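What the coordinates show
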Amino acid sequence: MKIDVELKNVTKKFGDVVAVDNVSFKVKKGEFFSLLGPSGCGKTTTLRIITGFEKPTEGEVYIGEKVMTDVPPFKRPTNIVFQNLALFPHLNVYDNISFGLKIKKLPKDAIQKKVEEMLNLVRLSGYEKRRIRQLSGGEQQRIAIVRALVNEPTVLLLDEPLGPLDLKLREEMAVELKRIQREVGTTFIYVTHDQGEAITMSNRIAVMDYGKILQIGSPDEVYEHPNTEFVAEFIGRSNVVKGQYKDGVVEVNDLGGMIVGAQNFDSGPVLACIKPEKIFVGKKLDSLDNIFNAEIKEVYYQGPITQYRALLENNSVISIISANIRAGELFKSGDKVKVAWNKENVVVIKT
Ligand SMILES: Nc1ncnc2c1ncn2[C@@H]1O[C@H](COP(=O)(O)OP(=O)(O)OP(=O)(O)O)[C@@H](O)[C@H]1O
Ligand SMILES: [Mg+2]
């Protein structure tokens, strides 16, 4: 397995602010790797350290086999796409894409071939003469991406490149970006605060908070097996319940025992996390490990699914996502129901 980028114990301080706190990870060749976390958690700073725009206070950066820590940005085999894209507004599409190639003094026909290839990749053939302001947001996005790809970087870094787009376009571009990455096979390091985007596109995700990486894993690993309350809440909004673990049961105040799959735990305080879509809701439910009484409080019908907020007998609120398999079978506010889930769907986190 070839490693393209490695950070070893990288810390970056700005005065008293620890923007990046002892971060280590390896990105494999051809991987789509995402840094996911809330605003201010150190994502951009981490990217800037990889490109060389920032020097780490401590730690080492490797690209390929080489230590890059003292190599200036323009000598690194990386390229970056920024959130604001930074396309040249006064140049047309052709001149934007070919800018880097002209600096490298490639022959004219080679440049032309390369630009055509790139426009073809993002399905914008024939757009050479368009001005940047004559392009839609999504089109500008694609031009910014190929302008960075045309120089054939070993690693392409993308800092929230879909930020300015509206939701529907973001979703389309996420799928498009993944296709482009698969076709060119370039290693991508992608920064986002949007868990849906990271899950859709990534081979692996590093979840960050306060400068630290909390968990690295495939989308389903971080989604199904979060290692901290933060990851559980940040990715897919778990229901998190406090309790005391003993012998496969989490005892929850005023609610009773919740049977959980986890066995290798010492007795003591834990958090039990249950994803909303793993909860059944109904008038009669049986043959499930955990069944509790609840009252429906809020109903959000969303077409394919309905989201419920329901009150348990200990006055805590849980969120439920229910697939609308049969039309017309909705609960309404005030309905007395049962909510239930299986023990293997409870993630137990030690506190
Ligand atoms: N040049 C700087 N001087 C001082 N503090 C900085 C500097 N750059 C970043 N910081 C601080 O470091 C922390 C991490 O910033 P960073 O830009 O990496 O966050 P981010 O995860 O990219 O956030 P966002 O999602 O809002 O873009 C923040 O607290 C920020 O205020
Ligand atoms: Mg940022």
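Residues numbered from 1 in each chain as written. Chains lettered and ligands numbered in written order. Predicted model: local features only at pLDDT ≥ 70, side-chain atom pairs only at ≥ 80, totals over all residues. Heavy atoms only, no water.

**A word on the site of ligand 1**
Heads up, the rule is: By convention in this text, a residue qualifies as near a molecule or strand provided that one of its non-hydrogen atoms is within 4 Å of it. The definition of a polar contact used here is a pair of N or O atoms within 3.5 Å, where within protein one atom must be able to donate a hydrogen and the other to accept one, and adjacent residues in sequence count solely through side-chain atom pairs. Going along the chain from the N terminus, every DSSP run of H or I of four or more residues is numbered as a helix, and every run of E of two or more is numbered as a strand. Gly counts as polar in this scheme, as do all residues outside two lists: the nonpolar Ala, Val, Leu, Ile, Met, Phe, Trp, Tyr, Cys and Pro, and the charged Asp, Glu, Lys and Arg.
All residues in the neighbourhood of ligand 1 are listed as Phe14, Val17, Ala19, Pro38, Ser39, Gly40, Cys41, Gly42, Lys43, Thr44, Thr45 and Glu160. Thr45 is positioned such that a nitrogen or oxygen atom in its side chain is 2.5 Å from an oxygen atom of ligand 1. Contacts to ligand 1 include Glu160, whose side-chain N or O atom sits 3.5 Å from an oxygen atom. Mapped onto the shell around ligand 1, the elements with two or more residues apiece are strand 2 (17–28) and helix 1 (43–51). Among the elements that make up the shell around ligand 1, the one with the highest residue count is helix 1 (three residues). Here the shell around ligand 1 is built from residues that sort into five nonpolar, five polar and two charged.

**A look at the layout of surface pockets**
The cut-off we apply is this: Only protein atoms enter the 1 Å grid, on which a cavity is a set of points fitting a 1.4 Å probe that cannot get out and a pocket is an open set with protein on both sides within 12 Å along at least 5 of 7 lines, lining residues being those with an atom within 4 Å of a point. Grid points are joined across faces, edges and corners, and a volume is the space filled by probe spheres set on the points.
A volume near 670 Å³ is recorded for the largest pocket. Along the walls of the largest pocket sit 25 residues, with Thr78, Asn79, Ile80, Arg147 and Asn151 positioned nearest its centre. Where the lining of the largest pocket is concerned, the elements lending two or more residues are strand 6 (78–81), helix 2 (93–103) and helix 4 (137–149). Residues belonging to the lining of the largest pocket are distributed by class as follows: 15 nonpolar, six polar and four charged. Of the pockets and cavities examined, the second largest pocket occupies roughly 530 Å³. Val281, Ser322, Ala323, Ile325 and Glu329 are, among the 19 residues lining the second largest pocket, the residues nearest its centre. Those elements that place two or more of their residues in the lining of the second largest pocket are strand 15 (280–282) and strand 18 (317–323). Here the element with the most residues in the lining of the second largest pocket is strand 18; it accounts for three residues. Of the residues assigned to the lining of the second largest pocket, the class counts are eleven nonpolar, four polar and four charged.

**With respect to unusual backbone geometry**
In most cases, non-glycine residues show a negative phi, while peptide bonds are predominantly trans. So the rule is basically this: Remark: exposure states derive from per-residue accessible area (1.4 Å probe, protein chains only) relative to the maximum for the residue type, with buried under 20%, exposed over 50%, and partly exposed in between.
The phi torsion at Asn9 lies on the positive side, around 50 degrees, for a residue other than glycine. The topology assignment puts Asn9 in strand 1 (residues 3–14). Even without being a glycine, Glu160 presents a positive backbone phi close to 45 degrees. The residue Glu160 is located in the loop between strand 7 (155–159) and helix 5 (167–184) in this model. Residue class for Glu160 comes out buried when judged on its relative accessible area of 10%.

**Some thoughts on the sheet that holds strand 16 (residues 290–301)**
Heads up, the condition is: Think of it this way: DSSP has to see at least two bridges between two strands before they count as a pair. Only C-alpha atoms enter the line fits that serve as axes; for helices the fit covers just the stretch in contact. Angles between N-to-C directions range over 0 to 180 degrees.
Overall, antiparallel pairing links the five strands, which are arranged 15-19-16-17-18 in an open sheet. In the strand order of this sheet, the two ends are held by strand 15 and strand 18, each with one partner. Geometrically, the sheet is characterised by an average inter-axis angle of 45 degrees between neighbouring strands, direction not taken into account. Relative to strand 18, strand 17 (residues 305–312) is paired through seven bridges, and the arrangement is antiparallel. Paired with Tyr308 across the two strands is Ile320, which belongs to strand 18.

**Structural notes on the packing of aromatic side chains**
Rules: Note on aromatic pairs: the rings of Phe, Tyr and Trp (six-membered ring only in Trp) are paired at centre separations within 6.5 Å, and the planes decide the class, stacked below 30 degrees, edge-to-face beyond 60, tilted for the rest. Here, a charge over a ring means that NZ of Lys or CZ of Arg falls within 6 Å of the ring centre while also lying within 35 degrees of the ring normal.
Counted by the stated rule, this structure contains eight aromatic pairs. Centre to centre, the rings of Phe25 and Phe33 are 5.0 Å apart; their planes meet at 25 degrees, and the pair counts as stacked. Residues Phe25 and Phe33 agree in their burial class; the two are buried. Ring plane angle 15 degrees and centroid distance 5.3 Å describe the contact between Phe230 and Phe234, whose orientation is recorded as stacked. Placement of the pair is Phe230 and Phe234 together in helix 8 (residues 229–234), with a separation of four residues, close to one helical turn. Relative accessible area serves as the criterion here: at 24%, Phe230 is assigned to the partly exposed category. Look at Phe234 and you get buried, because its relative accessible area is 18%. When the ring centre of Tyr127 is taken as origin, the NZ or CZ atom of Arg130, which lies over that ring, is 4.5 Å away. Directly above the aromatic system of Phe88 lies the positively charged group of Arg147, at a separation of 5.0 Å from the ring centroid.

**Details of the domain arrangement of the chain**
In plain terms, the rule: Each domain's extent is set by a domain assignment, obtained either automatically or from a database. Note on definitions: buried area is the accessible-area loss of two parts on being combined, 1.4 Å probe, summed for both. The working definition used for a salt bridge is a side-chain nitrogen of Lys or Arg within 4 Å of a carboxyl oxygen of Asp or Glu.
As far as domains go, the chain holds domain 1 (3–230) and domain 2 (237–350). Here the C-alpha centroids of domain 1 and domain 2 sit 38 Å apart. When domain 1 packs against domain 2, the two sides together hide about 620 Å² of surface, and 58% of this comes from carbon and sulfur. It is Tyr223, Pro226 and Glu229 in domain 1 that bury the most area against domain 2; as a group they hold 69% of the surface buried on that side. There are one salt bridge connecting domain 1 and domain 2.

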